[in-house]
Amino acid sequence: MKTGMNIGKSRQDADMLPGICWRRGTIGVGLLAVLLAVRASSAAVPTAGEGFRFAEVTEKSLGLWESGRPVLVYNHGVIRAEGVTEHRQRSTYVHPLYGLDGEVLTDDFPKDHHHHRGLFWAWPHIRVGGGKEVDLWMLKGIEQRFERWLERKADATGATLGIENGWYVDGRRVVRERVRLRVHPAAVESRAIDVELDWTPLDGALSLTGAEGKSYGGLTLRYGPGTNVTITVPQGVEPKDLAMTRLPWADLSLRLEGRLTVSGAAVFIAPDHPDYP
């Protein structure tokens, strides 16, 4: 799977950008290119000699900064929220994801959907080796666990984070997941982030299926609360949901809560992706 995303201009009630729903018999590979965009007047290009650095935020979360500005946090440990049931605990996802002005673009444990979690990838219908169906979207019967770092590199040219996780059902490791985040230096109005996702079944064929008739499942970005939400697709601004619609890219922008300017993101699918778009 190859995809892209753009984060950028005005929108209304912030919600989730639908992910990519698909089914794979054995292995899925994905590339997400993320472009973060904010108004030029407030974003600054890093000066020469400044670059990226990783640092622990907590024992469960690793942060990335560019020239002192936050870029993202990868949560490798199990994250819980006060007042939320234990079965909604989760790990192995990105939150916060920041805009160029330091605004938090994503949400975690939102009141309307506790299972939504920043930038994540999950499906409501999963079968491994012909076994019982489990639901990674709602965190039922299956969990993602961090296992090891594959790469951690940061300098003035960019940052790369490689991770290996496991999917577990009834205590059995049934899928090996490998994630690679490649973060490019910020431009005046944008930032690109490539995300590669690779899944290898370890216990028979793997089936990943989205919600029938609704389009949710797969790569997902949950936005923070805001107003002035605008969704744009190749045909222009779209006022309605586009369930079960194939699109080469889609953009959502909004005015985040407490901010006067707009931010946003777009997801692009690479033209060489199987079954494009």
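As the structure is a prediction and not an experimental result, all values here were calculated from the model.

A. Inspection of the overall build of the protein chain at higher detail. Along its length, the protein chain carries zero helices and 19 strands. The proportion of buried residues among the 277 residues of the protein chain is 50%. Pairs at least 24 residues apart make up 63% of the contacts formed inside the protein chain by residues separated by at least 6 positions.

B. Spatial organisation of the confidence of the model for the protein chain. Taken over all residues, the pLDDT of the protein chain has a mean of 83, while the share at 70 or more is 82%. Here strand S2 (residues 16–17) is the element of the protein chain with the lowest mean pLDDT, 34, and strand S10 (residues 143–155) is the one with the highest, 98. Per-residue pLDDT stays below 50 along residues 34–49; that stretch engages in 51 contacts with residues further than four places along the chain or on separate chains.

C. Representation of the packing of aromatic side chains. As enumerated under the stated definition, the model contains seven aromatic pairs in all. When the ring of phenylalanine 146 is compared with that of tryptophan 149, the centres are 4.7 Å apart and the planes differ by 55 degrees; the resulting orientation is tilted. The class for phenylalanine 146 is partly exposed, based on a relative accessible area of 25%. Relative accessible area serves as the criterion here: at 27%, tryptophan 149 is assigned to the partly exposed category. A cation over a ring is seen here: arginine 53 above tryptophan 65, with NZ or CZ 4.6 Å from the ring centre.

D. Layout of the layout of surface pockets. Of the pockets and cavities examined, the second largest pocket occupies roughly 240 Å³. Along its surface, the second largest pocket is lined by 17 residues, and Gln89, Leu139, Ile142, Glu143 and Gln144 are the ones closest to its centre. Those elements giving two or more residues to the lining of the second largest pocket turn out to be S10 and strand S11 (158–169). Counting residues per element, the lining of the second largest pocket draws most heavily on S10, at three residues. A per-class count over the lining of the second largest pocket returns six nonpolar, six polar and five charged.

E. Structural view of the pattern of salt bridges. Counting across every chain of the model gives 16 salt bridges. A salt bridge links glutamate 196 to arginine 180, with the shortest nitrogen-to-oxygen separation between them at 3.5 Å. Separated by 16 residues along the polypeptide, glutamate 196 in strand S13 (residues 190–201) and arginine 180 in strand S12 (residues 172–183) bring together distant segments of the chain. Classification of arginine 180 as partly exposed rests on a relative accessible area of 31%.

F. Main features of the side chain of threonine 92. Position of threonine 92 relative to the elements: it lies in the loop between strand S6 (69–75) and strand S7 (93–97). Relative accessible area serves as the criterion here: at 1%, threonine 92 is assigned to the buried category.

The rules behind these values
Residues numbered from 1 in each chain as written. Predicted model: local features only at pLDDT ≥ 70, side-chain atom pairs only at ≥ 80, totals over all residues. Heavy atoms only, no water. Helix = DSSP H or I, 4+ residues; strand = E, 2+ residues; numbered from the N terminus. Buried < 20%, exposed > 50% of the residue type's maximum accessible area, 1.4 Å probe, protein only. Contact = heavy atoms within 4.5 Å. pLDDT = per-residue confidence, 0-100. Phe/Tyr/Trp six-rings, centres within 6.5 Å; stacked < 30°, edge-to-face > 60°. Lys NZ or Arg CZ within 6 Å of the ring centre and 35° of its normal. 1 Å grid on protein atoms, 1.4 Å probe; cavity = no way out; pocket = protein on both sides within 12 Å on 5 of 7 lines; lining within 4 Å. Points joined across faces, edges and corners; volume = space filled by probe spheres on them. Nonpolar A, V, L, I, M, F, W, Y, C, P; charged D, E, K, R; others polar. Salt bridge = Lys/Arg side-chain N within 4 Å of Asp/Glu carboxyl O.

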